[in-house]
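# A look at the structure
Next come the chains, spelled out residue by residue.
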Amino acid sequence: MEPSLSQLITRELTDPGYCARVQNFTVGRYGYGNVRFFGETDVRWLDLDQIVKFRRHEIVVYEDETVKPSVGKGLNKAAEVTLILQKDSSIEKLKLSAENQGAEFISFDTIRKEWKFSVQHFSRFGLSDDEEDDVMMDDADVDVREREQVTMNDNDGSDLDEGSPLTDSRLLSHSLPSHLGLDPVRMKEMRMMMFSPEEEEDDAELDNLNGTFSHHRPLHGSKTVQRSSPLTIRKTPLALLEYNPGSFASSDNGSILLSQQNKGVPLTITKVQGFKLEIKETPVTKSYSKNIVDAGLLMGRSFGIAWGPNNLLIHCGSVGDSNKSPHLSSTISLEKVATDNVVRDENNKIREELIGLCFDSPLSYHKEINFETNEFIVDSYKLKARKLVFNRLDLSHVCRQYIGIIEKQLEVPGLSSSARVMLMHQVFVWELINVLFSSKESSIEADVAALPLIRRAEFSVLLQESVCHRVQDEISSLNDSKDLQQLFLLLTGRQIDAAVELSASRGDVRLACLLTQAGGSTVNRMDIDRQLDLWKTNSLDFGFIENDRIRLFELLAGNIHGALGEMDIDWKRFLGLLMWYHLQPASDLTSIFQTYQHLLEDGRAPYPVPVYIDEKLVMDKISWSPGNRFDLAYYLMILHSNEGRDVTNIHMLKTMFSAFASTHDPLDHHMIWHQRAVLEAVGTFSCDDLHVLDMGFVSQLLNLGHCHWAIYVVLHMSHRDDYPYLQASVIREILFQYCETWSAQENQRQFIVDLGVPSAWLHEALVSVYHAYSGNSFKALEHYLGCGFWQKAHSTFITSVAHSLFMSGKQSEILRLATSMEDHKSEIENWDLGAGIFITFYSLKSSLKEDDSMTELVSLQDKNDACRKFFSRLKGSLAFWEGRLPIDASFSNYHHQVSLI
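Residues numbered from 1 in each chain as written. Predicted model: local features only at pLDDT ≥ 70, side-chain atom pairs only at ≥ 80, totals over all residues. Heavy atoms only, no water.

Where an unreviewed UniProt entry is consulted, the protein chain appears under the name Putative peptidase S59, nucleoporin, Nuclear protein 96, with the organism given as Helianthus annuus. On record in UniProt, under Subcellular location (unreviewed entry), the comment for the protein chain is "Nucleus, Nuclear pore complex". (UniProt positions renumbered as here; feature names shortened; annotations may be inferred.)

Here it is in structure tokens:
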């Protein structure tokens, strides 16, 4: 670099702050080029080795986009770049290359091979792969030049040791031996001893692959290697079919033994079909197959990360956790996105009954509910969008039906404990929807003023049932002597009867009497609170009263924070304590939820974390921060509190209906989609921006092969004025991408047709993707006719179908196909030279067999003229189609038609 490091130090000492304003700072690499940054540059704290990288005919500044500063900051600024090319290149090509990359060409020195251009900011500049074909670089010459220049530079380099090895190990750090755990320098020396120069020249092209086994000329003063006579070995390389990584450690001198190769046995060349990747049946998350492949394929430029069909990810390396042990570089991993965890049992096996209960049964019931349709036109085709419609009087019945489906899932044997907890939470959510949003007028004859109290009572019972297991688990961890702690835990779950019975059985009758009044009249609360204040005012020695008893008194007095103290409690029980012991007994649910929300905002209430965090169902570390996402039940309570106030928080709705609000699986939307549809149907909210939920559920169904249900879900997507054809585009995409799946199952195909999807779209998908790919011209023609592609149908008929049918004697089939296109002949180019020929032929053939009322001479003359005209058209048709017909089709058809006439 210029100024050099020593110069920068000197200037900084004499002129403090100089490093923050270095003029025309220059960085370069010998044999590759340099870059000069215009104006003042702040070089403090710059890691130049990581920021500026020179490669063959290329410079990269800030390769890691995540650390690149904005334009004008750091080294991401205007500069002049000089790249050293290794062969002549035309100035026009270099100008075009610079212009295509947004740079400005300056000059090209044909003697020094220096290409100069200026840039306004940095990403990656240089010659592309195609351009490099004309400007190939000899790595060995450049490396020698770089070493010689480093030796001659006294300021920034150091002298090379005469005893240094022939090959620099850093240059081979990315070579195949280093990836295999071998010493690349020793492998280099072994290669030079074993192969003759002629053989090295034959393999030069392979040697330059990504710098692997690069050869370097001997440096001046370095020791030369005396080789013995070269061994006689084959020149044809043997593919690295398979190897055992553990065998390298035991091999003498680090030698590599190829698979099935024995020492002292002549090598034989066998025919190799290539490598095959092994795809496991269940390559779900954290499970993948390893396949050792040919190193040339792996290290070549063409290989990269790619997505295969059915969400299959193909890559080399590890995904996710960076702490995993490193893999061999020649290992290809296949991983599949796990969208089917919900239908797997505790042994990670897919259960067919779970597929039906998780997807088919809920969607079948969803289809039975009343809905309205909205018809819209796309390219002259009609589609019918759907939307659930029912009132709140029916909500209770709908919720019970969904709960029944979930209860059937709980009966499936082999479910994991975490799956059962998640299913129970789904039951709780449906019960909560019923309690919060169903109509109570028809269920009981009561005063309108009493309806909020009825809803509160139902919610209280539901909350008691949902926290019961937590209370029992914590009580079971205590010994019998801690009866006061047991009483407190029973009160957190409002199990007052059990608490009174326990207190009476221990002989504490007075406390049992107080417990009977828990959560009752506010007068009793005030009396207990006044008594506690008197004890504190009179400086009562609380050392004679158990702390746990004081906590019980605080809870009975309504002071829940004083009663809890440092105790950790889940958010549902805290909400229950707030409703049962702190607020007024007649408080409605809206005030209860709002009070909890205010305490949450003040940091005085536990966060309503999702159930999988609350129940500790996931052993892996989960990234969660306050306010990131909450449990779906909490969002339902907020939705109930905002009813009637026309408050629509789009961000809250998106978070509420994300997968993380109800499950730790970010790809599982199978139940939350139904909950969103039901809530929107009864009018709790209205939102047209929840397409992420819809598409997540669609993807889940497609991965299970349920294309018909995926299209059913798409038809329920909300209409957007800015994306009017969104539903049609998604449906067509599904039909094309999953053509082989739905076309193979007649029930799916009929289901799609019954949904109102135009049959022409199905034919188009079949002919364009499936049958055309498989080469079945007869089926392709049928589908071309079905989707109205008359020109393509006509071409396929003439070039692939007609001659085969004609030679097979299927005259009626030819006439049927030609007649079906005749009504659209105005849309078909060269109709008279194609299918029109066959219609004319059959018409002429029929007229020749008929008895005319005209005289024989006139009749014969007319028929003769008609035949002449037909033969003339037939010759013109043959001349037009001859190049597109199979080899024997044109002449055989011609002679066959002539003989028939």
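Burial analysis of strand E7 (residues 79-84) places six of its six residues in the buried class, the great majority of the element. Going residue by residue along E7, you find Ala79, Val81 and Leu83 tucked away on one face and Glu80, Thr82 and Ile84 tucked away on the opposite face as well. One ladder, built from five bridges, connects strand E3 (residues 33-37) with E7; its direction is antiparallel. If you follow Val35 over to E7, its bridge partner there is Val81. The pairing of E7 with strand E9 (residues 114-119) spans six bridges and is classified as antiparallel. Residue Thr82 lies in a different strand from E9, and its bridge partner there is Lys116. (Buried < 20%, exposed > 50% of the residue type's maximum accessible area, 1.4 Å probe, protein only. Helix = DSSP H or I, 4+ residues; strand = E, 2+ residues; numbered from the N terminus. Pairing = 2+ DSSP bridges.)

Let's shift gears to the packing of helix H15 (residues 451-476) against helix H23 (residues 589-601). A packed helix pair is summarised by two numbers, namely the angle formed by the two axes and the spacing between the axes. At a minimum axis distance of 9 Å, the contact between H15 and H23 shows a crossing angle of 55°. In terms of their interaxial angle, H15 and H23 are classed as oblique. Packed against H15, whose contacting residues are Arg455, Arg456 and Phe459, the element H23 presents Leu589, Ile592 and Phe593 at the interface. In terms of residue class, the contact of H15 with H23 is built from four nonpolar, no polar and two charged. (Axes fitted to C-alpha atoms, helices over the stretch in contact; angles between N-to-C directions. Parallel < 35°, antiparallel > 145°, perpendicular 65-115°, else oblique. Contact = heavy atoms within 4.5 Å. Nonpolar A, V, L, I, M, F, W, Y, C, P; charged D, E, K, R; others polar.)

Moving on, we get to the packing of aromatic side chains. Following the criterion strictly, the structure yields 22 aromatic pairs and no others. Ring geometry for Trp673 versus Phe697: centroids 5.4 Å apart, planes at 35°, classification tilted. Here Trp673 is found in helix H27 (residues 672-681), whereas its partner Phe697 is found in helix H28 (residues 691-703), with 24 residues between them in sequence. Within the aromatic cluster, the residues linked to one another by ring pairs are Trp571, Phe574, Tyr596, Tyr607, Phe630, Tyr634 and Tyr635. (Phe/Tyr/Trp six-rings, centres within 6.5 Å; stacked < 30°, edge-to-face > 60°.)

A cluster of nonpolar side chains, Met1, Leu5, Ile9 and Leu13, forms an exposed patch at the surface whose accessible area comes to about 410 Å². Take Leu13: it is sitting in helix H1 (residues 5-14). We classify Leu13 as exposed; its relative accessible area is 70%. (Patch = residues over 30% accessible without salt bridge, like charges linked within 9 Å, V, L, I, M, F, W, Y side chains within 5 Å. Areas by Shrake-Rupley, 256 points an atom, 1.4 Å probe, with all protein chains shown as cover. Salt bridge = Lys/Arg side-chain N within 4 Å of Asp/Glu carboxyl O.)

Secondary-structure assignment places Asp570 in the loop between helix H21 (560-564) and helix H22 (571-582). At 2.6 Å, the side chain of Asp570 and the side chain of Arg573 are in polar contact. With residues near it in sequence (within four places) discarded, Asp570 still touches Val467, Arg470, Pro606 and Asp614. (Polar contact = N/O pair within 3.5 Å; in protein donor to acceptor, adjacent residues only side chain to side chain.)

The next thing to look at is the pairing of strand E6 (residues 58-61). The side chains of a regular strand alternate, residue by residue, between the two faces of the sheet. Burial of E6 is two-sided: the residues Glu58 and Val60 facing one way and the residues Ile59 and Val61 facing the other way are all buried. Summarising the sheet, strand E5 (residues 52-55) and E6 pair through four bridges and their orientation is antiparallel. Paired with Phe54 across the bridge in E6 is Ile59. Once E5 ends, the chain turns through two residues before running back antiparallel as E6, passing His57 with a positive phi of about 60°.

On to the environment of Ala605, then. In this fold, Ala605 is placed in the loop between H23 and helix H24 (611-614). Expressed as a C-alpha distance, the spacing of Ala605 and Leu578, which sit 27 residues apart in the sequence, is 10.0 Å. Residue contacts for Ala605: discarding those within four places in its chain leaves Phe574, Tyr596, Leu599 and Leu600.

With that out of the way, let us pick up the pattern of salt bridges. For the structure shown, the criterion picks out 30 salt bridges. With its nearest N and O atoms 3.7 Å apart, the salt bridge here joins Glu58 to Arg55. When its relative accessible area of 16% is taken as the criterion, Glu58 is described as buried. You can call Arg55 partly exposed: its relative accessible area is 29%.

This part is about unusual backbone geometry. Here the bond from Glu2 into Pro3 is cis, since omega is -5°, no more than 30 degrees from zero. Looking at where Pro3 falls in the secondary structure, it is placed in the segment before H1. Even without being glycine, Trp45 reaches a positive phi, approximately 60°. Position of Trp45 among the secondary structure elements: in the loop between strand E4 (40-41) and helix H2 (48-51). The backbone phi angle of His57 is positive, close to 60°, even though this residue is not glycine. Residue position: His57 is located in the loop between E5 and E6.

With respect to topology, five strands assemble into an open sheet ordered E2-E3-E7-E9-E8, the strand pairing being antiparallel. Single-partner strands in this sheet number two, and they are strand E2 (26-29) and strand E8 (104-109). The sheet shows a mean angle of 15° between the axes of neighbouring strands, direction not considered. Across the sheet, helix H3 (residues 91-100) is in contact with E8 and E9; its angle to E8 comes to roughly 150°.

Turning next to helix H34 (residues 777-787). Listed as buried for H34 are Ala780, Leu781, His783, Tyr784, Leu785 and Cys787. After H34 finishes, the residue Gly788 shows a positive phi value of roughly 80°.

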